[in-house]
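Single-letter residue listing:
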Amino acid sequence: MKHAVWMLLALCWPALGFGSDVPLAALGDLRLDYTAVQPIAEVPGPTVRAQVTHRTGSQYSIQLPRDVRRAHYLVRNGAQVVAGQPFVVLEGPEIHHFLLEFSAMERRYRSAEARYQRSRASYEQQALAEDRWVAIVDNYLALQLEYEHMRHFMELVDPPQDDVESITLHAPIDGYIEFESRQTALVAGDEVAAFLAPGELRVQLLVPAQDADRLTGVQLAGCRLDVEELEGVARGFSLVAWSAPVTAACRAPLNGVLGATPLYRHAAHRVPRSAVFTWEEQAHVLLRGDGVLQLVPVALLQPVGEDYAVTSAVDLAGRDVLSSSVSAVQGVLMGLGGE
């Protein structure tokens with residue numbers, strides 16, 4: 001019976017002169033559910049490849065002052081550590097030599113410092129020759145530079161134990177630790193580890209240059225981040241964008257490569273996917289009016305979760321869109337009837 005009613009209504013549709021408005025009274029007891037149209041200020045773009053990384057120079061790097069035989073790391077690569085937490089044990093006879101060298105260097109520096117202080121008073125009283133004063137100053141500054149370099153490293157060394165051929169280093173700051181896990185040899189000058197403060201972890205992504213000025217944020221699987229910087233040097237047809245610091249909710253590991261959705265500034269509206277249908281080769285929705293359903297063309301931008309972002313020449317603000325039985329009404333419009 002219901003099928004016959006829909007067929008009759010479809011056949012009579014042009015004669016009734018409904019045009020783009022569907023009278024609600026003509027739909028009988030068909031269940032009609034509506035969803036409020038939601039305005040949005042940004043629209044997602046196509047997913048792009050992004051990397052969880054940091055800007056150059058933002059890490060706290062620790063270099064080895066001497067060769068070592070073995071480095072036994074106490075934490076997982078990429079883990080978060082706290083300042084003062086032991087992270088590696090360095091082993092080898094070179095360690096003993098380094099500790100002796102540091103002790104000797106400290107004595108030489110303290111002696112040079114004391115001589116510098118004594119000689120400065122004599123020089124200011126013109127009781128010391130210029131060339132001798134210059135030599136004392138040069139020696140003091142050279143020893144100071146070398147001593148301070150070694151001292152900065154020793155500040156990270158836990159008090160030596162009975163085994164003088166091993167030392168334990170602790171983290172200088174709170175943050176993420178990164179080290180070369182496949183390194184076969186550790187020689188003087190190599191980086192034993194680098195530390196990145198949590199606030200320095202960011203998402204780097206490439207976006208089309210023609211859309212870059214509208215970029216506002218980036219959506220990851222577990223969070224949304226603002227975009228803080230857009231580089232001015234192009235990479236082909238793209239520009240590099242940097243997000244705000246990564247939050248814990250993002251669950252994004254250091255150096256991780258993931259899919260990210262750029263978010264662009266765009267005045268649009270959000271409607272359920274179930275509300276959108278094709279009519280005369282154009283996407284449309286049905287808006288609730290005064291006793292009618294209004295057929296309105298829309299332009300589809302991008303999916304937003306279970307919805308679509310759309311624009312329209314008709315003002316959608318504050319309107320309700322039909323979100324159920326849409327296929328039945330579409331069938332009537334097409335002259336096919338409903339079920």
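See the structure shown above.
Residues numbered from 1 in each chain as written. Predicted model: local features only at pLDDT ≥ 70, side-chain atom pairs only at ≥ 80, totals over all residues. Heavy atoms only, no water.

1. With respect to the packing of aromatic side chains
To describe a pair of aromatic rings, one takes the distance between the centres and the angle between the planes.
Consideration 1: Tallied over the entire structure, the rule returns nine aromatic pairs.
Consideration 2: Seen in terms of ring centroids, Y123 and W133 are 5.0 Å apart; in terms of plane orientation they differ by 10°. Their pairing is stacked. With Y123 in helix α2 (residues 93–124) and W133 in helix α3 (residues 130–154), this pair connects stretches of sequence that are ten residues apart.
Consideration 3: Given the relative accessible area of 27%, Y123 is considered partly exposed.
Consideration 4: Using a relative accessible area of 11% as the deciding quantity, one classes W133 as buried.
Consideration 5: Taken together, the ring pairs in this structure connect F102, Y109, Y116, Y123, W133, Y140 and Y147 into an aromatic cluster.
Consideration 6: Its end group placed over the ring of Y34, R288 keeps NZ or CZ at 4.0 Å from the ring centre. (Phe/Tyr/Trp six-rings, centres within 6.5 Å; stacked < 30°, edge-to-face > 60°. Helix = DSSP H or I, 4+ residues; strand = E, 2+ residues; numbered from the N terminus. Buried < 20%, exposed > 50% of the residue type's maximum accessible area, 1.4 Å probe, protein only. Lys NZ or Arg CZ within 6 Å of the ring centre and 35° of its normal.)

2. Re the sheet that holds strand β11 (residues 191–196)
Consideration 1: The antiparallel open sheet is built from four strands, whose spatial order is β5-β11-β10-β7. For this open sheet the edge positions go to β5 (60–63) and β7 (80–81), each flanked by a neighbour on one side alone.
Consideration 2: As paired strands, β5 and β11 are joined by four bridges and run antiparallel to one another. Looking at the pairing, S61 lines up with A194 of β11. (Pairing = 2+ DSSP bridges.)

3. Points about unusual backbone geometry
Consideration 1: Backbone geometry at N255 places phi at a positive 70°, although glycine is not the residue there.
Consideration 2: When you line up the elements, N255 lands in the loop between β15 (238–243) and β16 (257–272).
Consideration 3: Among the residues examined, N255 registers a relative accessible area of 33% and is labelled partly exposed.
Consideration 4: Here the phi dihedral of E280 falls at roughly 55°; this positive angle occurs in a residue that is not glycine.
Consideration 5: Mapping E280 onto the fold places it in the loop between β17 (277–279) and β18 (282–288).

4. Details of the pattern of salt bridges
Consideration 1: This structure, assessed with the given rule, holds 14 salt bridges.
Consideration 2: Notably, a salt bridge pairs R31 with D33, separated by 2.9 Å at the nearest N-O pair.
Consideration 3: For R31, a relative accessible area of 62% corresponds to the exposed category.
Consideration 4: Since its relative accessible area comes to 27%, D33 is described here as partly exposed.
Consideration 5: Ionic pairing is found between R66 and E101, a salt bridge with its closest N-O pair at 2.4 Å. Remark: E101 occurs in helix α2 and R66 occurs in the loop between β5 and β6 (70–73); sequence separation between them is 35 residues.
Consideration 6: The class for E101 is partly exposed, based on a relative accessible area of 29%.
Consideration 7: In this structure, a network of salt bridges that share partners links the residues E42, R224 and D226. (Salt bridge = Lys/Arg side-chain N within 4 Å of Asp/Glu carboxyl O.)

By themselves, these observations are geometric and do not establish any function.
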